[in-house]
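Structure at a glance
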Amino acid sequence: MNNESIVKQFPVIEKEGLHYLDSAATCQKPNCVIDAMTNFYKEEYATVHRGIYDLSQKSTIKYNNVRRQIKDFIGAKSEKEVIFTRGATEAINLVANGFAAFISEGDEIVVTETEHHANLLPWQKIAKQKKAKLIVIPILDSGDLILDNIDKIINQNTKIIAIQHVSNVLGTIHPIETIIKKAHSIGAKVLIDACQSVSHIPINVMSLDCDFLCFSGHKCYGPTGIGVLYGKEELLNKMEPYQLGGDMIRTVTFEESTFAELPMKFEAGTPPIVEVIGLGEAINFIKKIGLEKISSIEKELLEYALKEFKKIKTLKVIGDTKNKTGVISFTLENAHPHDIGTLCDSFGVAIRAGHHCSQTTMQHYNVAATARASFACYNTKKDIDKLVEALLYIEEMFE
Ligand SMILES: Cc1ncc(COP(=O)(O)O)c(C=O)c1O
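Every value quoted in this text rests on a predicted model; they were computed, and no experiment measured them.

Regarding the sheet that holds strand S7 (residues 212-216)
To summarise the sheet geometry, strands pair through backbone hydrogen bonds and adopt either a parallel or an antiparallel arrangement. Spatial ordering of the open sheet is given by S2-S8-S7-S6-S5-S3-S4, a layout of 7 strands whose pairing is mixed. Each having just a single partner strand, strand S2 (82-85) and strand S4 (133-137) make up the two edges of the open sheet. The sheet shows a mean angle of 20° between the axes of neighbouring strands, direction not considered. Where helix H5 (residues 88-99) meets the sheet, its contacts fall on S2, strand S5 (158-164), strand S6 (189-193), S7 and strand S8 (227-231), and the angle it forms with S8 comes to roughly 35°.

Structure representation (structure tokens):
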């Protein structure tokens, strides 16, 4: 599949005059996802798990098929290890609240300096509740983690390391394999926030040997309102559910209730049925193109953008590691990132400006905000050319 045939599958991207460069925030949706969800609503929609009528049974089969698809996509051992959540944020809160039972006073929880707030605040809360310590792996200005002190940072007190695979601000790909090995050597567990990697880099949870991994559907060409938590069966079995209600029980009396087996134990309430169907189609879309191909398209765009950015004298790329995905944060000497974002919009270029839900990353670079361009497989060099044209105009305007 070439770039042109990919672009044709995205109605928003195909629009004349739009250059969408904000896929790290959320991806546009291909027709197959939109159609699968619309058709499901039109022809097949009914609740899952509870129905004894034909429509509900068919709906349940389709829903369960997606769980199998995700299991295969991430290389999990069993479908029991795939929990549907409403997004990565909910998945991380589920782990933090469930794992809190294994954390005591003086224990340590490790995060990185560049975590998204979704993978920082839940752990900050648990650390305070449990009188545990939140330990931070710092970064170099390149955006790479400083691992010289890793034996001190990950030590006998460490209970869990909650780490992003790829930074949503800098695009840095973190060496999670090394961190997982180190964590396991002292008996700590690892949660990988794969929000910015799962639709860019092939992932296999069994070969990684991570204990938990999560991502959001909307960042991988799927709908909003659906996310995935992978957890090792043995660990999920030991954890208490964080939300209680319908669908996740075995028996209920006024005195006591018992919970369902995995994965239902962690899926209280009517699930986002149609969003699950949409996510399944998004995974089909990714597999059809292939993650290697997606990754090479985005790498080429990244290299092209970094080369073209050299034409803009006052542009500074934040985090210049070589080991990164198609995410570039940058500043212009005299223009505020919000002005950059607004003026880019007048050129039809959609980029993000702000702290990108990682104020600790901003604090590292001593900036309040950055502008950010991020790529997906539907982008082309034309999008970058337009961005560069806009930035040259903005640079001149703010001279
Ligand atoms: C690295 C990372 N983690 C977590 C999240 C949170 O995802 P969501 O808002 O879909 O729950 C995001 C979203 O921007 C992200 O980029």
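Additional details are given in the paragraphs that follow.
Some words on the domain arrangement of the protein chain
Looking at the assigned domains, one finds that the protein chain contains domain 1 (3-22 + 291-394) and domain 2 (33-287). Distance from the C-alpha centre of domain 1 to the C-alpha centre of domain 2: 28 Å. Taken residue by residue, the interface counts 22 residues in domain 1 and 23 residues in domain 2. Counting residues per element, the ones that place at least two in the side of domain 1 that touches domain 2 are helix H12 (291-309), strand S12 (327-332) and helix H14 (359-365). Among the elements that line the side of domain 1 that touches domain 2, the one with the most residues is H12, at 4 residues. Tallied by class, residues from the side of domain 1 that touches domain 2 come to 6 nonpolar, 12 polar and 4 charged.

Overview of the nonpolar core
With 112 residues, the main nonpolar core has Ile109, Ile161 and Cys214 as its most contacted residues. At 9 residues, helix H11 (residues 273-289) tops the list of elements feeding residues into this core. Residue-level mapping places this core at the junction of two domains, with at least three residues from each of domain 1 (3-22 + 291-394) and domain 2 (33-287). Apart from the residues lying within four places of it in its own chain, the contact partners of Ile161 are Val110, Ile154, Ile179, Ala183, Ala188 and Val190.

Some points on the pairing of S7
Regular strands have side chains that alternate between both faces of the sheet. The element S7 is extensively covered by neighbouring structure, given that 5 of its 5 residues are classed as buried. Along S7, one buried face is formed by Phe212, Cys214 and Ser216 and the opposite face, lined by Leu213 and Phe215, is buried too. Bridging between S6 and S7 involves 3 bridges; their strand directions are parallel. Residue pairing in the sheet places Asp193 in a bridge with Cys214 of S7. The pairing of S7 with S8 spans 5 bridges and is classified as antiparallel. For Cys214, the partnering residue across the bridge sits in S8 and is Leu229.

So, the packing of helix H13 (residues 337-346) against helix H15 (residues 381-397)
At a closest axis distance of 9 Å, the pairing of H13 and H15 adopts a crossing angle of 125°. Relative to H15, the element H13 lies oblique. Between H13 and H15 lies a crossing of right-handed hand. Only Leu387, Ala390 and Ile394 of H15 make contact with H13, whose side of the interface consists of Ile340, Leu343 and Cys344. Along the lines of polarity and charge, the residues of the contact of H13 with H15 split into 6 nonpolar, no polar and no charged.

Cut-offs applied
- Residues numbered from 1 in each chain as written.
- Predicted model: local features only at pLDDT ≥ 70, side-chain atom pairs only at ≥ 80, totals over all residues.
- Pairing = 2+ DSSP bridges.
- Helix = DSSP H or I, 4+ residues; strand = E, 2+ residues; numbered from the N terminus.
- Axes fitted to C-alpha atoms, helices over the stretch in contact; angles between N-to-C directions.
- Contact = placed C-beta atoms within 7 Å.
- Domains from an automatic or database assignment.
- Nonpolar A, V, L, I, M, F, W, Y, C, P; charged D, E, K, R; others polar.
- Core = buried A, V, L, I, M, F, W, Y, C linked by C-beta atoms within 7 Å.
- Buried ≥ 20, exposed ≤ 12 C-beta atoms within 10 Å, placed from the backbone.
- Parallel < 35°, antiparallel > 145°, perpendicular 65-115°, else oblique.
- Left-handed = near helix turned anticlockwise from the far one by under 90°.

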